[in-house]
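Examining the three-dimensional arrangement
One letter stands for each residue in the lines below.
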Amino acid sequence: NAGVTQTPKFQVLKTGQSMTLQCAQDMNHEYMSWYRQDPGMGLRLIHYSVGAGITDQGEVPNGYNVSRSTTEDFPLRLLSAAPSQTSVYFCASSYSGGPTDTQYFGPGTRLTVL
Amino acid sequence: AQKVTQAQTEISVVEKEDVTLDCVYETRDTTYYLFWYKQPPSGELVFLIRRNSFDEQNEISGRYSWNFQKSTSSFNFTITASQVVDSAVYFCALSEAGQGGSEKLVFGKGTKLTVNP
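Structural notes, computed from the coordinates. Bear in mind that the values here come from a model prediction, so they are computed numbers and not experimental data.

Side note on the side chain of A:D38
Residue and element names in this part refer to chain A. Relative to the assigned elements, D38 resides in strand β4 (residues 31–38). Under the relative-accessibility criterion, D38 is labelled buried at 10%. Side chain to side chain, D38 and R36 meet in a polar contact 2.9 Å long. If we ignore the near neighbours within four places in the chain, the residues touching D38 are R44, T86 and S87.

This is the structure:
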């Protein structure tokens, strides 16, 4: 049971490049989320999904796309990277998404946009 | 709107001291959930505790204890006899039941705790 995995661990992009941050979980969790962590800002919700085929926006969705074609995977796409997207990105999942559920976080992806 | 305030940006203590991390929250919901997460220097987020709004009982887990007071909208975290391994950034977070669930956590900005030997 690997839990929540994220790839890559580190990434450097140039402004305007696109890339996909991968997130996968093997716990059969319905709910998955993406957060970004910036210095002094805590974590902020980007997008989330309540199940395969269903996604919705969080607090800071601009510049990011998501899709959920399977229960296991929840990739985050940056279509045209900007320096403001330099951050640490965390993926999280929980079993049913109810507030009594614990969210399990992946190890994070540190992204730098030059 | 939901909001979580961790007024202490950084705290530094000497090993074996007790330390309390403050968390104040704002919500209009009557049903909500509060969380504490630990982020050690390695960067991962470690779940510590979840408390629902109907349960004001304080909780103790080893050297960790949590004091939930609805009257002051606070959910403070105390580490007793701190150790160097407690050095980390600690996040308080809030989830409103009406917002769909725990997938929509609102985090405070975190408190960086440094425990010196």
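Following the structure, the description resumes.
Some words on the nonpolar core
Among the nonpolar cores identified, the biggest contains 23 residues, and B:W36, B:F77, B:Y90 and B:L113 are the most heavily contacted of them. Of all the secondary structure elements, the ones that give two or more residues to this core are β2 (10–14), β3 (19–21), β5 (32–39), β8 (64–69), β9 (74–79), β10 (88–96) and β12 (111–116) of chain B. Per-element accounting of this core gives the leading share, four residues, to β10(B). A:M32, A:Y64, A:Y89 and A:L111 belong to the second-largest nonpolar core, a separate cluster that totals 19 residues.

Observations concerning unusual backbone geometry
Across the junction of A:T7 and A:P8, the peptide omega takes the value -10 degrees, indicating a cis bond. Note that A:P8 resides in the loop between β1 (4–7) and β2 (10–13). One non-glycine residue, B:K16, lies in the positive phi region at around 85 degrees. Assignment of secondary structure puts B:K16 in the loop between β2 and β3. Look at B:K16 and you get exposed, because its relative accessible area is 69%. We note that B:S73 has phi near 50 degrees; this positive angle belongs to a residue other than glycine. Along the chain, the position of B:S73 falls in the loop between β8 and β9. Taking relative accessible area as the criterion, B:S73 reaches 24% and is therefore assigned partly exposed.

What counts, and at which threshold
- Residues numbered from 1 in each chain as written.
- Chains lettered and ligands numbered in written order.
- Predicted model: local features only at pLDDT ≥ 70, side-chain atom pairs only at ≥ 80, totals over all residues.
- Heavy atoms only, no water.
- Helix = DSSP H or I, 4+ residues; strand = E, 2+ residues; numbered from the N terminus.
- Buried < 20%, exposed > 50% of the residue type's maximum accessible area, 1.4 Å probe, protein only.
- Polar contact = N/O pair within 3.5 Å; in protein donor to acceptor, adjacent residues only side chain to side chain.
- Contact = heavy atoms within 4.5 Å.
- Core = buried A, V, L, I, M, F, W, Y, C linked by side-chain atoms within 4.5 Å.

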